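# Results of the structural survey
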Amino acid sequence: MITIAVVGLFVGKYPLSFSKLLAGDEMQWRVFLTLRLTRTVVGVIGGFALGIAGFVYQTVFRNPLASPDIIGVSSGASTGAAFGILFFQGAASVTISAFAGALLAVVFALAISALDKNGKNSTIVLAGIAVHSLAQTALMCLKLTADPERELASIEYWIMGSLNGISIYSVTVNVILCVVCLVALFLLHRQIILLSAEEGEARMLGVNVASIRLIVLLIATLVVASVVSLTGLISFVGLLAPHAARLVTKNNRIGTMFFSGILGGILLCGADILARSVASSELPVSIFTSILGAPFLIFLIVRGRKQI
């Protein structure tokens, strides 16, 4: 991941030179510090966070296809971003709106699932599907009111995801929140792993299943919301990274959790490098994560059918 991050620092439309940076070129340093370094840091931390969040979702739900979409974070962020683009001005407003939309959607889904005193995974999934449908309906209504030439294009571009336009002035709060939540998830790693067992077994081992599940999912959702509110929707990173980590480690322990984050960072940084280098204009990052993710999803489905 360090290697690909270093490569990312020097790839882009404005060429950076190591020798000019050492010589103290003012423009080179300005681009390096305010744009390229911040973008790379967000790529590394954002990919790491999505990988960890994907591991948590898959472990807690005991579902290999679980992702942030399952409890509404992605759809909520999309609706929030669309609202910000239509009714506010500036990238910061869109980021705040996206974060608020993701958080509201997930809090709503978790509140609905809390009504089930048994705390079943299926309840959370069904609540997430309901919230996702409501958010998508609201998003379609917002699109209908958007200016087709300007606002609608901005909404669609945000939904496809990009690290373009990220600067040091817009990431501080999100990065701090993301790091704090990641530390909390690693401190709760034992409880997260135990949630992958049957509920009766987890309770016998001293885990308050309903409460811990709610806390863990809320923290993981805060992680995802802090990333996607900056970058837009990034497809498949949270799905691919945990699976690839398990294929390598052959287990579901804390080392696999950390490795999922490493692979997520590599995947997002690599996709971002391709997004800004393969064409004359910058492409959405999700194009490249989807190129890898869609075939892998098909592989998982085929593999699952063979194991039945």
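Each remark here, short or long, concerns the structure printed above.
This text gives an overview of the structure that appears in the document. Small disclaimer: the values here were computed from a predicted structure and weren't measured.

### Digging into the overall build of the chain
Scanning the chain from N- to C-terminus turns up 14 helices and zero strands. Along the chain, helices and strands appear, N-terminal first, in the series α-α-α-α-α-α-α-α-α-α-α-α-α-α. For the chain, whose C-alpha radius of gyration is 20 Å, the value lies close to the compact-globule estimate of 19 Å for 308 residues. Oriented by its inertia axes, the alpha-carbon framework of the chain measures out at about 65 × 45 × 35 Å. Put simply, the chain has 308 residues, and 48% of those count as buried. Here the chain displays about 14,600 Å² of accessible surface, and carbon together with sulfur accounts for 70% of that area.

### What to know about the packing of helix α12 (residues 237-249) against helix α13 (residues 254-275)
It is at 8 Å that the axes of α12 and α13 come closest, and there the two elements cross at 130°. Between α12 and α13, the crossing angle belongs to the class labelled oblique. Considering only the axes of α12 and α13, their crossing is right-handed. Contacts between α12 and α13 involve V237, L240, A241, P242, A244, A245, R246, V248 and T249 from the former and T256, F259, S260, L263, G264 and L267 from the latter.

### A look at unusual backbone geometry
With a phi angle near 75°, F236 is a residue other than glycine that sits in the positive phi range. Of note, F236 is situated in the loop between α11 (209-231) and α12. One non-glycine residue with positive phi stands out, namely K250, at about 65°. Residue placement: K250 occurs in the loop between α12 and α13. Its relative accessible area of 68% is what places K250 among the exposed residues.

### Side note on the environment of I96
Mapped onto the elements, I96 comes out in helix α5 (residues 91-114). Expressed as a C-alpha distance, the spacing of I96 and S229, which sit 133 residues apart in the sequence, is 7.0 Å.

### Some thoughts on the pattern of salt bridges
Between side chains of opposite charge, pairing is possible as soon as their charged atoms come close. For the structure shown, the criterion picks out six salt bridges. The partner of D272 in a salt bridge is R39, with the nearest N and O atoms 2.8 Å apart. Taken together, the positions of D272 in helix α13 and R39 in helix α3 (residues 26-61) put the pair 233 residues apart, joining distant regions of the chain. R39 shares its class with D272; the two are buried. The closest approach of N and O atoms between R276 and D272, which form a salt bridge, is 2.9 Å. For the pair R276 and D272, one class covers both residues: buried. Members of the salt-bridge network, linked through shared partners, are R39, D272, R276 and E282.

### Re helix α1 (residues 2-10)
Those residues of α1 that fall on the buried side of the exposure criterion are A5, G8 and L9. Relative to the axis of α1, the buried residues are bounded by an arc of 105° and lie together on one face. Among the structural elements, α3 and α13 are those in contact with the buried residues of α1.

### As for α5
Taking 1.5 Å of rise per residue, the 24 residues of α5 would be expected to cover 34 Å, and the 34 Å separating its terminal C-alpha atoms lies within 8% of that figure. For α5, the full list of buried residues reads V94, T95, S97, A98, F99, G101, A102, A105, V106, A109, L110 and S113.

Parameters at a glance
- Residues numbered from 1 in each chain as written.
- Predicted model: local features only at pLDDT ≥ 70, side-chain atom pairs only at ≥ 80, totals over all residues.
- Heavy atoms only, no water.
- Helix = DSSP H or I, 4+ residues; strand = E, 2+ residues; numbered from the N terminus.
- Rg over C-alpha atoms; globule rule 2.2 N^0.38 Å.
- Buried < 20%, exposed > 50% of the residue type's maximum accessible area, 1.4 Å probe, protein only.
- Areas by Shrake-Rupley, 256 points an atom, 1.4 Å probe, with all protein chains shown as cover.
- Axes fitted to C-alpha atoms, helices over the stretch in contact; angles between N-to-C directions.
- Parallel < 35°, antiparallel > 145°, perpendicular 65-115°, else oblique.
- Left-handed = near helix turned anticlockwise from the far one by under 90°.
- Contact = heavy atoms within 4.5 Å.
- Salt bridge = Lys/Arg side-chain N within 4 Å of Asp/Glu carboxyl O.
- Arc of directions from axis to C-beta.
- Expected span 1.5 Å × (residues − 1).

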